[in-house]
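# Remarks on the overall topology
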Amino acid sequence: MPKSILFQVMAMKNGGDNYGHRVQKDSGSSEAGRMEELEHGLLIQPWAWLQLSEDSLLAKAYITTSKGYALLLSDLQHVWHEQVDTSVVSQRAKELNKRLTATPSAFLSHLRDLMCTLLERSAAPKGATFSWEHVPQGLTLRIRSEISGLPFHWNFQCALASPSLVSQHLIRPLTGMSLVLQCQVRELASLLRLKDAEIQDYQENGAVLSRDRLKTEPFDENAFLEQVITENLPDACSIENGRSFAMKLQNLYVAIAKQEFQAKRKRQSSGDFSSNAETSSVQSQEEESKGTLQLN
């Protein structure tokens, strides 16, 4: 065989091999990108409080019809997690619903509607039932409802969350929240001292209160903090089922989680592929969240 033809054949062979490697690499990168989007979408979701029968759970979820879902549950003693893509959704749907035939996106859309109603109202939507049970090293959340008049069953099969996941979704955001609340207390104390100085100036220039009941003592920050701790510490330590946290502090929680997300993106190098994947996905996550499971 002439050398020129031999070289062309070798070049085509090498090029074909490289193409195969590229396809495999791109496929793996695409799957990793989907998983990262689910992770990041879940991070910026608020916690909700669920009352299931006599038990209660804290929960947060991120569900998209094109990628899959991520779910986090906690009873304040343990944290459980599940994250799956559309292929797992398709396989599990076939196993649990042999009479139903639909695309993974259709099943995910139905799950999203059910979970959105559950997390927003803290109660099961009409025509659906939710239950959960402990299994070895995990927790299963079961859903029973209907699609087009046919029974629909789904099991969220959650395993114990890793320590890093617990830190990401609870420890770090709660630490940030405590710092923000502490800053608010300092700012309010500073504002009250300025108000006291303003009142004193009025009094020194002859101003007199028209109603004695409006008179206040000068603000003493140390005495105030001691009183707050004494009066509120018992309630603060009785967190019970986490309902107060889920009902009152989620706007702050989401703001802290989003700030953590942005800080993580900035720490990544500009040439890192995962950084590019995050940059392209964060906007779509926030847009999808508005129509899925973004709770206030």
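Before going into details, it helps to say that this report is about the structure given with it. Fair warning: this is a prediction, and the values are worked out from it, not measured in the lab.

Right, let's talk about the environment of Val-84 for a bit. Along the chain, Val-84 turns up in strand E4 (residues 79-85). Along the backbone, Val-84 and Leu-38 are 46 residues apart, and their C-alpha atoms lie at a distance of 8.7 Å. Residues within four places of Val-84 in sequence aside, it is in contact with Met-35, Leu-38, Lys-67, Gly-68, Tyr-69, Val-89 and Arg-92.

Before going further, it helps to spend a moment on a nonpolar patch on the surface. On the surface, Val-185, Phe-224, Leu-225 and Val-228 cluster together into a nonpolar patch covering about 270 Å² of accessible area. It is helix H5 (residues 221-237) that contributes the most residues to the nonpolar patch, three residues altogether. For Leu-225, a relative accessible area of 32% gives the class partly exposed.

This paragraph deals with the packing of helix H2 (residues 86-96) against helix H3 (residues 104-121). In the contact formed by H2 and H3, the axes pass within 9 Å of each other and the chain directions differ by 85°. One element, H2, and the other, H3, form an angle in the roughly perpendicular class. Contacts from Thr-86, Val-89, Ser-90 and Ala-93 of H2 reach H3 at Pro-104, Phe-107 and Leu-108. The residue makeup of the contact of H2 with H3, split by class, is five nonpolar, two polar and no charged.

Here the focus is the packing of aromatic side chains. If you walk through the whole model with that rule in mind, you get seven aromatic pairs. Ring centres of Tyr-69 and Trp-154 lie 6.3 Å apart, and the angle between their planes is 80°; this geometry places the pair in the edge-to-face category. You can see Tyr-69 sitting in strand E3 (residues 68-74) and its partner Trp-154 sitting in strand E7 (residues 150-160), a full 85 residues away along the chain. We classify Trp-154 as buried; its relative accessible area is 0%. Taken together, a centroid distance of 5.0 Å and an interplanar angle of 80° make the contact between Tyr-69 and Phe-156 edge-to-face.

Moving on to the layout of surface pockets. The computed volume of the second largest pocket comes to approximately 240 Å³. In terms of lining residues, the second largest pocket is bounded by Asp-196, Ile-199, Gln-200, Gln-203, Leu-209, Leu-214, Lys-215, Thr-216, Glu-217 and Pro-218. Of the residues in the lining of the second largest pocket, the class split is four nonpolar, three polar and three charged.

Moving on to helix H7 (residues 250-267). An α-helix turns once every 3.6 residues. As a result, residues three or four positions apart point the same way. Along its 18 residues, H7 runs 26 Å from first to last C-alpha, staying within 8% of the 26 Å computed at 1.5 Å per residue. Among all positions of H7, only Gln-250, Leu-252, Tyr-253, Val-254, Ile-256, Ala-257, Phe-261 and Arg-265 are buried.

With that out of the way, let us pick up the pairing of E7. Bridge count for E4 against E7 is two bridges, and the pairing is antiparallel. The residue of E7 that forms the bridge with Trp-80 is Leu-160. Alignment of strand E6 (residues 138-147) against E7, held across ten bridges, turns out to be antiparallel. Pairing of Thr-140 across the sheet is with Gln-157, part of E7.

Cut-offs applied
- Residues numbered from 1 in each chain as written.
- Predicted model: local features only at pLDDT ≥ 70, side-chain atom pairs only at ≥ 80, totals over all residues.
- Heavy atoms only, no water.
- Helix = DSSP H or I, 4+ residues; strand = E, 2+ residues; numbered from the N terminus.
- Contact = heavy atoms within 4.5 Å.
- Patch = residues over 30% accessible without salt bridge, like charges linked within 9 Å, V, L, I, M, F, W, Y side chains within 5 Å.
- Areas by Shrake-Rupley, 256 points an atom, 1.4 Å probe, with all protein chains shown as cover.
- Salt bridge = Lys/Arg side-chain N within 4 Å of Asp/Glu carboxyl O.
- Buried < 20%, exposed > 50% of the residue type's maximum accessible area, 1.4 Å probe, protein only.
- Axes fitted to C-alpha atoms, helices over the stretch in contact; angles between N-to-C directions.
- Parallel < 35°, antiparallel > 145°, perpendicular 65-115°, else oblique.
- Nonpolar A, V, L, I, M, F, W, Y, C, P; charged D, E, K, R; others polar.
- Phe/Tyr/Trp six-rings, centres within 6.5 Å; stacked < 30°, edge-to-face > 60°.
- 1 Å grid on protein atoms, 1.4 Å probe; cavity = no way out; pocket = protein on both sides within 12 Å on 5 of 7 lines; lining within 4 Å.
- Points joined across faces, edges and corners; volume = space filled by probe spheres on them.
- Expected span 1.5 Å × (residues − 1).
- Pairing = 2+ DSSP bridges.

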